[in-house]
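Next come the chains, spelled out residue by residue.
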Amino acid sequence: MDTIIKQYNLAFSNVITNGKNYKQCFAPEATPAADIAYHLSGSFDEGHFMQVLEEIDRALTNQVYQREISFNDTSVEITTTNVTINDVYTIPINDYKRILVEWINFLKTPPLNF
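Enquirer: How would you summarise the overall build of the protein if you had to cite specific residues and measurements?
Expert: The number of helices and strands found in the protein is four helices and six strands. The order of helices and strands in the protein, counted from the N terminus, is α-β-β-α-α-β-β-β-β-α. Here the C-alpha radius of gyration of the protein, 14 Å, is about what a compact globule of 114 residues would show, namely 13 Å. Taking the principal axes of the C-alpha coordinates as reference, the protein spans close to 45 × 30 × 25 Å. Going through the 114 residues of the protein one by one, you find that 39% of them count as buried. For the protein, contacts bridging at least 24 residues in sequence account for 50% of all contacts bridging at least 6. Of the accessible surface of the protein, which amounts to about 6200 Å², a share of 51% is contributed by carbon and sulfur atoms.

Enquirer: Outline the packing of helix α2 (residues 32-40) against helix α4 (residues 93-107), supporting the account with residue identities and numerical values.
Expert: At their nearest, the axes of α2 and α4 sit 12 Å apart, and the two run at 40° to each other. When the axis of α2 is compared with that of α4, the two are oblique. For α2 against α4, the interelement crossing comes out right-handed. Facing Ile36, His39 and Leu40 of α2, the residues of α4 in contact are Tyr96, Ile99, Leu100 and Trp103.

What counts as what
Residues numbered from 1 in each chain as written. Predicted model: local features only at pLDDT ≥ 70, side-chain atom pairs only at ≥ 80, totals over all residues. Heavy atoms only, no water. Helix = DSSP H or I, 4+ residues; strand = E, 2+ residues; numbered from the N terminus. Rg over C-alpha atoms; globule rule 2.2 N^0.38 Å. Buried < 20%, exposed > 50% of the residue type's maximum accessible area, 1.4 Å probe, protein only. Contact = heavy atoms within 4.5 Å. Areas by Shrake-Rupley, 256 points an atom, 1.4 Å probe, with all protein chains shown as cover. Axes fitted to C-alpha atoms, helices over the stretch in contact; angles between N-to-C directions. Parallel < 35°, antiparallel > 145°, perpendicular 65-115°, else oblique. Left-handed = near helix turned anticlockwise from the far one by under 90°.

As structure tokens, this is what we get:
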């Protein structure tokens, strides 16, 4: 796992509840990382995160991009230098991109959600 995950004190885990597997991201409570964890755990659909990743790539290459993206009860606001998560926590865009790539890879790794 990328050192960016450790740098932000995040942990990815498979949680089994009532025989079903759920992908979760954890971080210490009352820390900025908790906002990241809540955001990532807000969807198990890698498509949501792929859309965000595509918009980040557009922002980083000075193309027209969607500035705000929401799904379930989480959102991101993208600028060319930062990403703001749920209107609360701002993170450098390249850090967020690296975290997002790790999360998408984790979502694709068995055991999958069912």
